[in-house]
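# Observations on the model geometry
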Amino acid sequence: MHRFAAFFVTTVVLGSLTAAAQNSAPSQLAQTPPMGWNSWNYFAGRVTDQDIRHAADQLVATGMKDAGYVYVNIDDTWEGDRDANGVLHTNSKFPDMKALADYVHSKGLKLGIYSSPGPQTCAGYAASLDHEVQDAQLYASWGIDYLKYDLCSFRSAAMTAQAPSDKAEQMRLMIAAYEKMDKALKSTGRPIVYSFCQYGWDAVWEWGPSAGANLWRTTGDIQANWNSIYSILNEQAGLAKYAGPGHWNDPDMLEVGNGKLSLAENRTHFSMWAMLAAPLLAGNDLPNMKPEIHDILTNRDVIAIDQDPLGHEATRAYSDGEVDVWTRDLSGGARAIAVINAGSDRYSTHPFHLSLAKLGLSGPQKGKDLWTGKEITLTDDMPIEIASHDILLVRIPEPK
Ligand code: GLA
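Throughout what follows, the structure given in this document is the object of discussion. (Residues numbered from 1 in each chain as written. Predicted model: local features only at pLDDT ≥ 70, side-chain atom pairs only at ≥ 80, totals over all residues. Heavy atoms only, no water.)

### Observations regarding the overall build of the chain
The line we're drawing: Here a strand is any run of E in DSSP of at least two residues, a helix any run of H or I of at least four, and the numbering for each starts at the N terminus. For the radius of gyration, the atom set is restricted to C-alpha positions; the globular benchmark scales as 2.2 Å times the number of residues to the power 0.38. Relative accessible area decides the class of each residue, using a 1.4 Å probe on protein chains only: under 20% of the type maximum gives buried, over 50% gives exposed, and in between gives partly exposed. It only takes one pair of heavy atoms within 4.5 Å for two residues to be counted as in contact. The method behind every accessible area is Shrake-Rupley, applied with a 1.4 Å probe, and residues are considered shielded solely by the protein chains displayed. In this charge count, Lys and Arg are treated as positive and Asp and Glu as negative; neither His nor the chain ends contribute. A charged residue contributes its charge at one atom only: NZ of Lys, CZ of Arg, CG of Asp or CD of Glu.
Scanning the chain from terminus to terminus reveals 12 helices and 18 strands. For a compact globule of 400 residues, the expected C-alpha radius of gyration is about 21 Å, and the chain comes in at 23 Å, within 12% of that figure. Residues counted as buried form 53% of the 400 residues belonging to the chain. Across the chain, contacts joining residues at least 24 apart in sequence account for 69% of those joining residues at least 6 apart. Only carbon and sulfur atoms are counted for the fraction: they give 53% of the accessible area of the chain, which is about 17000 Å². Of note, the chain has its 33 positive side-chain charges centred 4 Å away from the centre of its 47 negative side-chain charges.

### Examining the packing of aromatic side chains
Put simply, the rule is: The criterion for an aromatic pair is that two Phe, Tyr or Trp rings (for Trp, the six-membered ring) have centres within 6.5 Å, with stacked assigned to planes under 30 degrees apart, edge-to-face to planes over 60 apart and tilted to the rest.
Taken as a whole and judged by the stated rule, the model has 15 aromatic pairs. Taking 6.5 Å as the distance between ring centres and 75° as the angle between the ring planes, the aromatic pair formed by Trp78 and Tyr139 counts as edge-to-face. Remark: Tyr139 occurs in helix α5 (residues 132-142) and Trp78 occurs in the loop between β2 (71-73) and β3 (79-82); sequence separation between them is 61 residues. On the basis of relative accessible area, Tyr139 is assigned to the buried category, the value being 0%. Each ring, one from Tyr139 and one from Trp142, has its centre 6.5 Å from the other, and the planes form 40°; the classification is tilted. Within this pair, Tyr139 and its partner Trp142 are both found in helix α5, separated by 3 residues, close to a single helical turn.

### A short note on the packing of helix α9 (residues 226-235) against helix α10 (residues 263-275)
So the rule is basically this: Under this scheme, a helix contributes an axis fitted over its contacting stretch, all axes are lines through C-alpha atoms, and angles between N-to-C directions fall in the 0 to 180 degree range. Throughout this description, any angle smaller than 35 degrees is read as roughly parallel, any larger than 145 degrees as roughly antiparallel, any in the 65 to 115 degree range as roughly perpendicular, and the remainder as oblique. Working rule for handedness: look at the near helix, and if it is turned counterclockwise from the far one by less than a right angle, call the crossing left-handed; if clockwise, right-handed.
Close contact between α9 and α10 brings their axes to 11 Å; oriented N to C, the two are set at 25°. In terms of their interaxial angle, α9 and α10 are classed as roughly parallel. In the packing of α9 onto α10, the handedness of the crossing is left-handed. In contact with Trp226, Ile229, Ile232 and Leu233 of α9, α10 contributes Glu265, Thr268, His269, Met272 and Trp273.

### What to know about the pairing of strand β6 (residues 146-150)
Counted only if it meets this: The path from the first strand over the helix to the second decides the hand: if it runs clockwise while the strands point away from the viewer, the crossover is right-handed. Criterion used throughout: strands pair if DSSP finds at least two bridges between them.
For β6, the tally of buried residues reaches 5 of 5 residues, placing the bulk of the element in the interior. One crossover worth recording links strand β5 (residues 110-115) to the parallel β6 by way of α5, and it is right-handed. As judged from the 5 bridges shared by β6 and strand β7 (residues 193-197), these two strands associate in the parallel manner. Within the sheet, the bridge partner assigned to Lys148 lies in β7 and is Ser195.

### Here we look at the sheet that holds strand β13 (residues 335-341)
Sheet architecture is open: 6 strands sit in the order β11-β12-β13-β18-β15-β16, paired in antiparallel fashion. On the outer flanks of this sheet lie β11 (315-320) and β16 (375-378), each paired with one strand and no other. In this sheet, adjacent strand axes meet at a mean angle of 30° when their direction is disregarded. Strand direction decides the pairing type here: strand β15 (residues 365-369) and strand β18 (residues 391-396), joined by 2 bridges, are antiparallel. Looking at β18, one finds that Asp369 is bridged to Val394. Across the sheet, α9 touches β11, β12 (323-329) and β13, and the angle it forms with β12 is around 55°.

### Some thoughts on the sheet that holds β6
In spatial order, the strands read β9-β8-β7-β6-β5-β2-β1-β10; together these 8 strands make up an open sheet with parallel pairing. The open sheet has two free edges, formed respectively by β9 (248-250) and β10 (280-282), since each of these has just one partner strand. Recorded for the sheet is a direction-independent mean angle of 25° between the axes of neighbouring strands. Pairing between strand β1 (residues 35-38) and β2: 3 bridges, direction parallel. Its bridge partner lying in β2, Asn38 is registered against Asn73.

### Description of the site of the ligand
Stated formally: Here a residue is considered near a molecule or strand provided that any single heavy atom belonging to it is located within 4 Å of it. Two N or O atoms form a polar contact when they lie within 3.5 Å of each other; inside protein one atom must be a possible hydrogen donor and the other a possible acceptor, and for residues adjacent in sequence the pair counts only when both atoms belong to side chains. Amino acid classes used here: Ala, Val, Leu, Ile, Met, Phe, Trp, Tyr, Cys and Pro are nonpolar; Asp, Glu, Lys and Arg are charged; the rest, including Gly, are polar.
Near the ligand there are 13 residues, and of these Asp75, Asp76, Lys148, Asp150 and Asp221 occur at the shortest range. In the environment of the ligand, an oxygen atom lies 3.1 Å from a nitrogen or oxygen atom belonging to the side chain of Arg217. Here the ligand, which alone exposes 310 Å², has 92% of that area covered by the protein. Classifying every residue of the shell around the ligand by side-chain character gives 7 nonpolar, no polar and 6 charged.

### Focus on the pattern of salt bridges
Quick note on the threshold: The term salt bridge refers to a pairing of a side-chain nitrogen on Lys or Arg with a carboxyl oxygen on Asp or Glu at a separation within 4 Å.
Under the counting rule described, the total for this entry stands at 15 salt bridges. In this structure, the salt-bridge partner of Lys107 is Asp57, at a minimum N-O distance of 3.3 Å. Of this pair, Lys107 sits in the loop between α4 (97-106) and β5 while Asp57 is found in helix α3 (residues 49-61), placing the two residues 50 residues apart along the sequence. A residue is classified by how much of its surface remains accessible, and Lys107, at 27% relative accessible area, is partly exposed. In the salt-bridge network here, residues are joined through shared partners; they are Arg217, Asp221 and Asp252.

### Section: empty space enclosed by the protein
Inclusion rule: With a 1 Å grid laid over protein atoms only, a set of points is called a cavity when a 1.4 Å probe fits there but cannot get out and a pocket when it is open yet has protein on both sides within 12 Å along at least five of seven lines; lining residues have an atom within 4 Å of a point. Grid points are joined across faces, edges and corners, and a volume is the space filled by probe spheres set on the points.
In this structure the tally under the stated criterion is 1 cavity of 30 Å³ or more. Roughly 50 Å³ of internal volume is contained in the largest cavity. Here the residues of the lining of the largest cavity are counted per class, giving 3 nonpolar, 3 polar and 4 charged.

### Some points on the state of the cysteines
We count it as follows: The definition used for a disulfide is geometric: two cysteine sulfur atoms within 2.5 Å.
Counted under the stated rule, the structure contains 1 disulfide. Here Cys122 engages in a disulfide with Cys152; their sulfurs sit 1.7 Å apart. The S-S bond linking Cys122 to Cys152 shows a torsion near 105°; that makes this disulfide right-handed. Here Cys122 is found in the loop between β5 and α5, whereas its partner Cys152 is found in the loop between β6 and α6 (154-162), with 30 residues between them in sequence. Classification of Cys152 by relative accessible area gives buried; the value is 12%.

Printed below as a string of structure tokens:
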């Protein structure tokens, strides 16, 4: 065959194979939990185009991008009105979404956006009901890389309206709505991470992956206080088996650096979200980030736990009163162990005693304390003093 003809045939055949593979192959997106920043936890409804640009600038300037934070996600309140053709426009806070996407992409980052399967978003802005394909095409034309799809008004507008006294039918309608947007996103041909936000209803971890979810919220909204963080953490016990490359449990976005969380609480929150293979979406005021918060968010050893390629989420090994012990299997046979003190300070008078036997380990275990950066050897029944709401996080390369 003539060289040009061979090139042509190969290109065309490979081209159509690639297209076919794209339609049938499982998503290659989110092979590790997505990392980035989202506007909601700090800005809520006040977020503007400028805030998003500043967040992108700061991800680069602070080294967070190099540490893995690549998604810059606009949450609710960017939406304007639909025109006569049903095309959704942005509101005045976001004058030009395509230009914003270009700006974010020019920094080597990706842009995420937010909508709802109902007529309105949670904050009452226009959403995607009956405009799913049109909206997905619009996002793709802007260069959007991530969609958070938040149930909200779909409940009253569709679920309870169409099946007022049939809860199971309401759930089927909800699942169908998520599948509809999945099809619409896939039909654009653009890889767009698909994030379900329906607060964990109807055991979303069981049906989310087959409805196209790369991640799904497992809980109601997080708040920047210890009770919220600790109760969400406890709700994750038992969900490990549902997570893996491409599909992750989402215990909600990070509050690290927000509210009145103490340094210990920020550390424990970040450590445990990493143990849970959770998406690490920072939600703080990046331009005014304190150095100690930067140090938490960019701890490479802790991020490596979150991003471990095996994708095995931590399980709670045991609790002893107010102290919880979680473990996570890592690639290469390594293991991470987290010991959290959810109570008051433990002193040398009554320290916590770690049982290695309960973790299936015996003999001294050499590892690294990921917050001091120092070597540590764990021994059976060893006394551990942990301050209130603080954590000991250890990586053991060769557990025995
Ligand atoms: C819901 C979600 C939040 C946020 C808001 C926006 O409450 O759970 O994460 O997206 O809506 O209105």
